[in-house]
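# Structural characterization, general
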Amino acid sequence: EGFSSDPEPALLPEFEPTNAHSAAISLLFTMKHWNLPRTGLSCCPFHASVLLARGLVKRVLKDPCNHSWSPLCGWQCRVCTCVNHESVPRCDMCGGINNSAAQSEETTNSDPLVEDQDQDQDEQYEEGALTGQESPSGAALSDQDRGSGGGGGGEG
């Protein structure tokens, strides 16, 4: 699932564009780090966070252009397509392993048990066991966290 039906070049041409689902999960992951004050302006904590995120995006859009801004360019996770800093061995979003780092480690130290666990995690993510069911940090997301729960789709 991409951002548009027409293939557009990615900001980092050496990597595939991050898929929209993974971008949404990473936004939810970021919102989980915010401890907002309780107000009566929103129907629930989830939509309060979404409203704050929308306001922050509007504010940041007013900043001057920054032509040197870039996403992280160390490596791209083959599981979720998010990009990561070159120094991290696992994807910040889904925990997928940095294959280029793993290959260089395999030449010096191979552990079949760890490799099997990495393969299992990759398969679970691809099958949907981790996508939308758990947050990138591994904590279960409720229906409200995913925005698909009983309160309807309104902003509050």
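Residues numbered from 1 in each chain as written. Predicted model: local features only at pLDDT ≥ 70, side-chain atom pairs only at ≥ 80, totals over all residues. Heavy atoms only, no water.

## Notes on the layout of surface pockets
Condition: Here a cavity means grid points, on a 1 Å grid over the protein atoms only, where a 1.4 Å probe fits yet cannot get out; a pocket means an open set of points with protein on both sides within 12 Å along at least five of seven lines; lining residues are those with an atom within 4 Å of a point. Grid points are joined across faces, edges and corners, and a volume is the space filled by probe spheres set on the points. A run of DSSP states H or I qualifies as a helix once it reaches four residues; a run of E qualifies as a strand once it reaches two. Both are numbered from the N-terminal end. Polar here means any residue outside two lists: the nonpolar Ala, Val, Leu, Ile, Met, Phe, Trp, Tyr, Cys and Pro, and the charged Asp, Glu, Lys and Arg; Gly therefore counts as polar.
In this model, the largest pocket occupies a volume close to 580 Å³. Every residue lining the largest pocket is counted, 20 residues in all, and those nearest its centre are T18, A23, W69, P71 and V83. Of all the elements in the fold, those that place two or more residues in the lining of the largest pocket are α1 (20-31) and β2 (83-84). Counting residues per element, the lining of the largest pocket draws most heavily on α1, which supplies 4 residues. In the lining of the largest pocket, the residues fall into 14 nonpolar, 4 polar and 2 charged.

## Some words on helix α2 (residues 45-61)
Applied cut-off: How far a helix is expected to stretch is found by multiplying one less than its residue total by 1.5 Å. In this scheme, a residue with accessible area under 20% of its type's maximum is buried, one over 50% is exposed, and one in between is partly exposed, where area comes from a 1.4 Å probe on protein chains only. This arc is built from the directions going out from the helix axis to the C-beta atoms.
Look at α2: 24 Å from first C-alpha to last across 17 residues, which is about the 24 Å you get at 1.5 Å a residue. Every buried residue belonging to α2 is among F46, H47, S49 and A53, and all of these are buried. Buried positions in α2, seen along its axis, are confined to an arc of 155 degrees and lie on one side of it. Among the exposed residues of α2, those pointing more than 90 degrees away from its buried face are P45, K58 and R59.

## With respect to the side chain of Q76
Our working definition: In the analysis that follows, any N or O atom pair within 3.5 Å is treated as a polar contact, provided that within protein one partner can donate a hydrogen and the other can accept it, and provided that, for residues neighboring in sequence, both atoms belong to side chains. Contacts between residues were defined by any pair of non-hydrogen atoms, one from each residue, lying within 4.5 Å.
Tracing the sequence through the fold places Q76 in strand β1 (residues 75-76). In this structure the side chain of Q76 is engaged in a polar contact, spanning 2.7 Å, whose partner is the backbone oxygen of E16. Reaching out from Q76, the side chain makes a polar contact with the backbone oxygen of T81 at a distance of 2.9 Å. Not counting residues up to four positions away in its chain, the partners in contact with Q76 are F15, E16, P17, T18, T81, C82 and V83.

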